[in-house]
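Residue strings, one per chain:
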Amino acid sequence: MAASNASSFLFSLLIALLLFASMQVFRNQLGSSQPMTIAGGFMGSLVFVSLLTAVSNFEMNTFGENFQARVFPEVVTCLFMSMICCAFVHRVCVTTCVIFSMIALYYINRISSTTYANSVGPPVGYATQKKQK
């Protein structure tokens, strides 16, 4: 059973805060080597997805079920906030966070378009050609 918008908002906000707190607790370990900075960027992209889910659910709860998150300001703001979270850890984490977040955003858009898009078939009529003189 799916959660309501209000409970999903609270859960995703809690997950984002827990991810940010864990990034701060393990700041020294995440900035110690190259694979760990990549892992820090991946954690930052999870913060991005959680924040985007929280913002979208808050807006759907406030403005109605048909409200959708747009690129500006929701996606850009959530990406900027996750980049700031990664900047507290290491500057390379910011770069990998942007890369992982764009990949996650592509797949979120792809899943959303296949789930919620209207299935419109191809046009039925045939194109006619004009006779040349």
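As a starting point, this report considers the structure included with it. Since the structure is predicted, the reported quantities are computational estimates derived from the model, not experimental observations.

In this section: the overall build of the protein. Secondary structure summary: the protein contains 5 helices and 0 strands in total. Along the protein, helices (α) and strands (β) appear in the sequence α-α-α-α-α when read from the amino end. A globule of 133 residues ought to have a C-alpha radius of gyration of about 14 Å, yet the protein, at 20 Å, is considerably larger. Dimensions of the protein, computed from the C-alpha atoms along their principal axes, are close to 75 × 40 × 25 Å.

Our focus in this paragraph is the packing of helix α1 (residues 5–25) against helix α3 (residues 34–63). Viewed as axis vectors pointing N to C, α1 and α3 meet at an angle of 155 degrees, and their least axial separation amounts to 8 Å. One element, α1, and the other, α3, form an angle in the roughly antiparallel class. When the axes of α1 and α3 are compared, the crossing they make is left-handed.

Enumeration over the complete set of coordinates arrives at 5 aromatic pairs. Judged by centre distance (5.1 Å) and plane angle (45 degrees), the rings of Phe 63 and Phe 67 are tilted. Taking relative accessible area as the criterion, Phe 67 reaches 27% and is therefore assigned partly exposed. Plain terms: the ring middles of Tyr 106 and Tyr 107 are 5.1 Å apart, the flat faces sit at 75 degrees to each other, and that makes the pair edge-to-face. A cation sits over an aromatic face here: Arg 70 above Phe 67, 5.5 Å from the ring centre.

Before going further, it helps to examine a nonpolar patch on the surface. Residues Ile 99, Ile 103, Tyr 106 and Tyr 107 make up a contiguous nonpolar surface patch of roughly 420 Å² in combined accessible area. Along the chain, the position of Ile 103 falls in helix α5 (residues 91–116).

Mapped onto the elements of the fold, Val 47 is located in helix α3. C-alpha of Val 47 to C-alpha of Leu 18: the two residues are 29 residues apart in sequence and 9.0 Å apart in space. Those residues within four positions of Val 47 in sequence are excluded, and the remaining contacts are Ala 16, Leu 19, Phe 20, Met 23, Ser 82 and Cys 85.

Attention now moves to α3. Counted at 1.5 Å a residue, the expected span for α3 with its 30 residues is 44 Å, and the 43 Å between its end C-alpha atoms agrees. Positive backbone phi, at 120 degrees, marks Gly 64, one or two positions downstream of α3.

As a packed pair, α3 and α5 sit with axes 7 Å apart at the nearest point and diverge in direction by 45 degrees. Judged on the interaxial angle alone, α5 and α3 are oblique. Crossing geometry of α3 relative to α5 is assigned as right-handed. Mapping the contact onto sequence places Thr 37, Ile 38, Gly 40, Gly 41, Phe 42, Gly 44, Ser 45, Phe 48, Val 49 and Leu 52 in α3 and Val 92, Cys 93, Thr 96, Cys 97, Phe 100, Ser 101, Ala 104, Leu 105 and Ile 108 in α5. Considering only residue class, the contact of α3 with α5 consists of 12 nonpolar, 7 polar and no charged.

Here Glu 59 shows up in helix α3. Here Glu 59 is buried and forms no salt bridge, its nearest opposite-charge partner Arg 70 lying at an N-O distance of 6.6 Å.

A few words now on the nonpolar core. Counting 18 residues, the largest nonpolar core has Met 23, Val 47, Phe 48 and Cys 86 as the members making the most contacts within it. If you list the elements that add at least two residues to this core, you get α1, α3, α4 (71–87) and α5.

What counts, and at which threshold
Residues numbered from 1 in each chain as written. Predicted model: local features only at pLDDT ≥ 70, side-chain atom pairs only at ≥ 80, totals over all residues. Heavy atoms only, no water. Helix = DSSP H or I, 4+ residues; strand = E, 2+ residues; numbered from the N terminus. Rg over C-alpha atoms; globule rule 2.2 N^0.38 Å. Axes fitted to C-alpha atoms, helices over the stretch in contact; angles between N-to-C directions. Parallel < 35°, antiparallel > 145°, perpendicular 65-115°, else oblique. Left-handed = near helix turned anticlockwise from the far one by under 90°. Phe/Tyr/Trp six-rings, centres within 6.5 Å; stacked < 30°, edge-to-face > 60°. Buried < 20%, exposed > 50% of the residue type's maximum accessible area, 1.4 Å probe, protein only. Lys NZ or Arg CZ within 6 Å of the ring centre and 35° of its normal. Patch = residues over 30% accessible without salt bridge, like charges linked within 9 Å, V, L, I, M, F, W, Y side chains within 5 Å. Areas by Shrake-Rupley, 256 points an atom, 1.4 Å probe, with all protein chains shown as cover. Salt bridge = Lys/Arg side-chain N within 4 Å of Asp/Glu carboxyl O. Contact = heavy atoms within 4.5 Å. Expected span 1.5 Å × (residues − 1). Nonpolar A, V, L, I, M, F, W, Y, C, P; charged D, E, K, R; others polar. Lys, Arg positive; Asp, Glu negative; His and termini not counted. Core = buried A, V, L, I, M, F, W, Y, C linked by side-chain atoms within 4.5 Å.

Coordinates in, geometry out; function isn't part of it.
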